[in-house]
Each structure stands twice: as C-alpha cells, then as structure tokens.
Amino acid sequence: MQETIISGTGKRLMPGDVVEVRSAAEIFATLDAHGTRDKLPFMPEMIKFCGKQFRVAAQAFKTCVDDGEMRQFDDTVFLEDVRCDGSSHASCDRGCLVFWKTAWLKRAGTSSNGHGKSARLTETDVARLAIKDGQFFCQSSEILNASKPLPWWEPRQYIWDLKYNRVPASLAAKSFLIAVYDKVAARFRAQSWRAVTGSAMSGNGFKPLNLKPGESVRVKSLDEIRATLDAEGKNQKMLFAPAMADYCGQVMKVRDRVENIVLEATTRQRKIKDTVVLEGAVCDGVCHRLCPRKSLLFWRECWLERVNGS
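Since we're looking at a predicted model, the values are computed, not measured. (Residues numbered from 1 in each chain as written. Predicted model: local features only at pLDDT ≥ 70, side-chain atom pairs only at ≥ 80, totals over all residues. Heavy atoms only, no water.)

## Looking at the overall build of the chain
Turning to step 1, where the next piece is worked out: Regarding its fold elements, the chain presents 5 helices and 21 strands.
Turning to step 2, where the next piece is worked out: Over its C-alpha trace the chain gives a radius of gyration of 20 Å, about what one expects of a compact globule, namely 19 Å for 310 residues.
Turning to step 3, where the next piece is worked out: Expressed along its principal axes, the backbone C-alpha trace of the chain runs to roughly 60 × 40 × 35 Å.
Turning to step 4, where the next piece is worked out: A burial count over the chain gives 50% of its 310 residues as buried.
Turning to step 5, where the next piece is worked out: Here the contacts in the chain between residues at least 6 apart in sequence split such that 76% fall between residues at least 24 apart.
Turning to step 6, where the next piece is worked out: On the chain, roughly 15,100 Å² of surface is accessible, and the fraction owed to carbon and sulfur atoms is 51%. (Helix = DSSP H or I, 4+ residues; strand = E, 2+ residues; numbered from the N terminus. Rg over C-alpha atoms; globule rule 2.2 N^0.38 Å. Buried < 20%, exposed > 50% of the residue type's maximum accessible area, 1.4 Å probe, protein only. Contact = heavy atoms within 4.5 Å. Areas by Shrake-Rupley, 256 points an atom, 1.4 Å probe, with all protein chains shown as cover.)

Shown next as structure tokens:
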C-alpha cells in the first residue's frame, strides 16, 4: 500500500488535518483524457468544492463495494461529509462520500505549486463525460477500475486502521473477528454476523408514507422490521444491513428521498420506490473490516413510522 501523502510535502495526511481543494485548473492538469487520475474520475459535482477548506475524515485506502468485496486505493482520502449530490448524474440520490486524490488537495495556508503542465480538459469536458450515450460515469461506476482487490487476510490494512485512521484497538479487534466469523459462516452456509432475516413474502401490502426531507420518524423495533424481511434479510431486494439494527427505536429526521441511484460498479441507474435516507444514519463499517466510507443507509418506509407533530 502506498502512503497517502500530499504531493511535494512529504507529510502524510491524517484525520483532522485541514486541507484546501485545489483550483479546477490545477486539478484538470492532473487528469487524463478520460477525466481520471489513476482511473478515478474527478466528477462535475466536485468542482463546487474547489478553493474551499475541509478536514480530512479518513484515509480512503480501502472501501467495500455494495457490502461485498473490499477494494484498495492509493493516495486517496475522504473529507468530512463531502458527498456527491448527483446533480450531473441524473439526480442520483446515492449521496456517496467523495474520494479525493491527494494531488487534488493542498494543506490549508500553503501556496499552490502547480503541476508543471497545462490542463487537457475543461469544465465542459468533465461535465460531458458524466453521462454518455445513456451510460453513467462516476466514482461509483468506476470503483473497480480505480482500485484493486484487498483480501481479508492482508495484515497491513489492519495496521493502517490503527496507525493512520486512529481506530481504537478494541474496535479494530472486533471488526477483524467479525471478518473471520463471516468467512467461516460463508463456508458453511450459515448466516453472517448479526444478520437480520425474516420469512415475509415481497410486498406485504404496506402503504407508503411519502416522507419528505425534514420530517421526523421513528425507526421501528427489530421485531417489526423482521416481519417485512424475507429469508435473505431483504424487503423487495433491499437489504436491512446489520448496522441498521443499532438505530431501532431512535427518532431521526429524513435527510432525503432515494428515487434514483447509479448501481455501484456499473454504468446503469436504477429507480427506487418508498425509500429514504436519514440524517446521521451511516454505515459504521464494523461489519465490513472498518470500511471508512460511511455510506448512507437506505431505509424502506415500512421500517419507519412518523412521529406525531412532525
């Protein structure tokens, strides 16, 4: 694994460090003809962050892909709650935390040192690349191309969790043991760690709530949610993830509706019904080898109930 270092400084970025996103012109000078660096796209939605300062949330040296395999990135970080708004990708509602190559950043208060070459792309070119002939092109669609496999038995990833992302040792140990458990469970076709499953058929005759952003809802009890799930822990093909069980009984606000998403590792978009994301409800990564991506959790409306007076 390469170290996540700001170009020219020799210093590794750490969580909490303040950085400034370089100007669009500087960033475009780092991109190839496809609008990528190391095959990771710089998306049109990222341009509005140019010139602004943010804190580093974590080194993005790994991420899981739709609760599946883990992938490895080099020279990449996440910034605190800097998410894609999907505005250039047909209003995708996935709300992905944006990957930032360190070449696109500089430490706050330092001068720009340039990249020694002129940009081959313009803002118009980057926007044009986002959707072409009905195919979507973004960090989510290219996540496999921009990364490489990271097997669970690779020891350095766990050291990096402790040393660079400052994960408590107890949490790192728990996540590692869960990874081992899930591998053994998969071999013997047993349920994964904290899997929530039911025996319901699809549909269940639930009446949509038509929730709006800002409304208050209560996450139903785990028993109520189980009644909506099939044997795979899904409601109409949407998984109720183990991390979601921790929110049962909590009153939360609706962040946004989810109606369109770009399917990860594909160039296609899918329509979704009766689904929202909630403020502050993100995957903690514990069941996924401490993936630092903090993906927004998708909630079927049948897993929620309105709070009186909201």
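## Considering the sheet that holds strand β8 (residues 97–101)
The pairing of strands in a sheet comes from backbone hydrogen bonds and takes either a parallel or an antiparallel form.
Turning to step 1, where the next piece is worked out: Across the sheet, 5 strands lie side by side as β8-β7-β4-β1-β9; this open sheet has antiparallel pairing. Lying at the two open borders of the sheet, with one neighbouring strand each, are β8 and β9 (105–107). Across the sheet, the mean angle separating the axes of adjacent strands is 50° when strand polarity is ignored.
Turning to step 2, where the next piece is worked out: Two elements, strand β7 (residues 76–83) and β8, share 4 bridges in a ladder whose sense is antiparallel. Looking at β8, one finds that Arg83 is bridged to Leu97. (Pairing = 2+ DSSP bridges. Axes fitted to C-alpha atoms, helices over the stretch in contact; angles between N-to-C directions.)

## Quick notes on helix α3 (residues 156–163)
Turning to step 1, where the next piece is worked out: Those residues of α3 that fall on the buried side of the exposure criterion are Gln157, Tyr158, Trp160 and Asp161. One side of α3 carries all its buried residues, which in axial view fall inside an arc of 160°.
Turning to step 2, where the next piece is worked out: In the core, the buried residues of α3 are packed alongside β4 (53–59), β5 (62–64) and α4 (169–187). (Arc of directions from axis to C-beta.)

## Some points on the side chain of Arg71
Turning to step 1, where the next piece is worked out: Following the sequence through the fold, Arg71 ends up in strand β6 (residues 70–72).
Turning to step 2, where the next piece is worked out: The buried category is assigned to Arg71, whose relative accessible area is 8%.
Turning to step 3, where the next piece is worked out: Here the side chain of Arg71 touches Glu69 through a polar contact of 3.3 Å, side chain to side chain.
Turning to step 4, where the next piece is worked out: Contacts of Arg71, omitting those with residues within four sequence positions, involve Phe61, Lys62, Thr63, Val65, Leu144, Ser147, Lys148, Pro149 and Leu150. (Polar contact = N/O pair within 3.5 Å; in protein donor to acceptor, adjacent residues only side chain to side chain.)

## Re the pairing of strand β1 (residues 18–21)
Turning to step 1, where the next piece is worked out: With 3 bridges connecting them, β1 and β4 associate as antiparallel partners. Note that in β4 the partner of Glu20 across the bridge is Gln53.
Turning to step 2, where the next piece is worked out: Where β1 and β9 come together, 3 bridges link them in antiparallel fashion. In the strand pairing of β9, Val21 is matched with Leu105.

## Concerning the nonpolar core
Turning to step 1, where the next piece is worked out: Residues Phe42, Leu79, Trp100, Leu278 and Trp299 are the most contacted members of the largest nonpolar core, which totals 71 residues.
Turning to step 2, where the next piece is worked out: Contact partners of Trp299, with chain neighbours within four places excluded, come to Val219, Phe240, Met244, Tyr247, Asp274, Thr275, Val276, Val277, Leu278, Ala281 and Leu304.
Turning to step 3, where the next piece is worked out: Grouped together as the second largest cluster of nonpolar side chains are 6 residues, Ala172, Val286, Cys287 and Leu290 included. (Core = buried A, V, L, I, M, F, W, Y, C linked by side-chain atoms within 4.5 Å.)

## Regarding the pairing of strand β16 (residues 251–257)
Turning to step 1, where the next piece is worked out: Here strand β13 (residues 216–219) runs beside β16; their pairing, made up of 3 bridges, is antiparallel. Directly across from Ser216, in β16, lies its bridge partner Lys253.
Turning to step 2, where the next piece is worked out: Strand direction decides the pairing type here: β16 and strand β19 (residues 275–278), joined by 3 bridges, are antiparallel. In the sheet register, Arg257 faces β19, and the bridge partner there is Val276.

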